[in-house]
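Reading the structure
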Amino acid sequence: MRTIRTERLRLEPATAENADLLWRVLQEPDLREYQDLPDVDVAQFRRMVAARPSELQSGISGRFEWLLYLEGVHAPVGWASLRVAERASSAGEIGYSVLREYRGRGIATEAVLAVVEEAFAKLALRRLRAYCVPENLASRRVLEAAGFRADGVLPHGATVRGRPVDVVGYVRERGVDSSGQTIEMPASG
Ligand SMILES: CC(C)(COP(=O)(O)OP(=O)(O)OC[C@H]1O[C@@H](n2cnc3c(N)ncnc32)[C@H](O)[C@@H]1OP(=O)(O)O)[C@@H](O)C(=O)NCCC(=O)NCCS
C-alpha cells in the first residue's frame, strides 16, 4: 500500500509499526456511537494489522486501513478503511472516522474521495459500498458529497454496541464521478 496525498491530508497505510497509533484513535469513545470497532488490546490489534495483506492489488481480499494526517498536525486525526470480503468480490466496503475536534472541516469527505480513487485505480472492483445508521447524518452527508447514493435499508445490517441495527446502504459505481457523471476509467492496475 502506498501513502496517499490529497490537498490537505496524508493517508498513511496502517502497518504493524504504526498500529499502536491507530489503536489509540479507535479507543475514542464517541467513535463507537454509530459503529462497532474492534474491542481488543493493543498487542492483539498489532497482530491483526500485521496479518493483513500489505499490497492493494487486483484479486486481493482483506482489510486495508489508513491513518489520516492533516497538514500541520503531528498526531493522526482519524482513519479510513477499505474491505474486500472475498478474492472474487466485485465490491469493496469503505469506512472512516475523524476525531471530534477535527470534524466539520471536510476531512472525512476528502479522505473518502481519496480512498475511492485509490480503490478503483488499484482493484478491479465494480462498486464501492458503505453502510451507516440512518441517524448518522454527518456520515450520510460525507457519502453523498463523495458521490455515493443511498440504495436501501439493510435490516440488522450491522451491530452497534453489541446490538443489531438497521443501516442505510450507499453505493458508488465504478466509472461514475462524485457528481454522478459517467467517466472514462482504466480497467485497474
Ligand atoms: C462521520 C464523520 C466521519 C464525519 O467527519 P467530518 O470530517 O466531520 O466530515 P466532513 O466535514 O467531510 O463532512 C461532514 C458533513 O456533515 C454535516 N454534518 C455534521 N453534523 C451534522 C448533523 N448533525 N446533521 C446534518 N449534517 C451534519 C457537515 O455540515 C458536513 O456537510 P457539509 O460539508 O455539506 O457542510 C465524523 O463525524 C465521525 O468520525 N463520526 C463518528 C464515527 C462515525 O460515525 N464514522 C462513520 C461510521 S459510518
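Above this text sits the structure in question.
Residues numbered from 1 in each chain as written. Predicted model: local features only at pLDDT ≥ 70, side-chain atom pairs only at ≥ 80, totals over all residues. Heavy atoms only, no water.

**Looking at the site of the ligand**
Definition in use: Residues are counted as near a molecule or strand when any one of their heavy atoms sits within 4 Å of it. Think of a polar contact as two N or O atoms within 3.5 Å of one another; within protein, one of them needs to be a possible hydrogen donor and the other a possible acceptor, and neighboring residues in sequence only count if both atoms come from side chains. Residue burial considers only the protein chains on display, and all accessible areas are found by Shrake-Rupley using a 1.4 Å probe. A cavity, in this analysis, means grid points on a 1 Å lattice covering only the protein atoms where a 1.4 Å probe fits yet has no way out; a pocket is instead an open set bounded by protein on both sides within 12 Å along at least five of seven lines, and a residue lines either one if it has an atom within 4 Å of a point. Occupancy of a cavity or pocket is assigned to a molecule whenever over half of its atoms lie within 2 Å of that pocket's grid points. Secondary structure elements follow DSSP: runs of H or I of four or more residues count as helices, runs of E of two or more count as strands, with numbering from the N terminus. Gly falls in the polar group here, along with every residue not listed as nonpolar (Ala, Val, Leu, Ile, Met, Phe, Trp, Tyr, Cys, Pro) or charged (Asp, Glu, Lys, Arg).
Around the ligand sit 21 residues in total, of which Gly-104, Gly-106, Thr-109, Asn-136 and Arg-141 are the nearest. Ser-97 places a polar side-chain atom, nitrogen or oxygen, 3.4 Å from a nitrogen atom of the ligand. Contact distances for the ligand include 3.0 Å between an oxygen atom and a backbone N or O atom of Ala-108. Protein coverage of the free-state accessible area of the ligand, which is 960 Å², stands at 70%. Given that more than half its atoms are within 2 Å of the pocket grid, the ligand belongs to the largest pocket. Residue assignment for the shell around the ligand shows that the elements contributing at least two residues are strand S5 (91–98), helix H3 (107–122), strand S6 (127–132) and helix H4 (137–145). A class-by-class count of the residues in the shell around the ligand yields 11 nonpolar, seven polar and three charged.

By themselves, these observations are geometric and do not establish any function.
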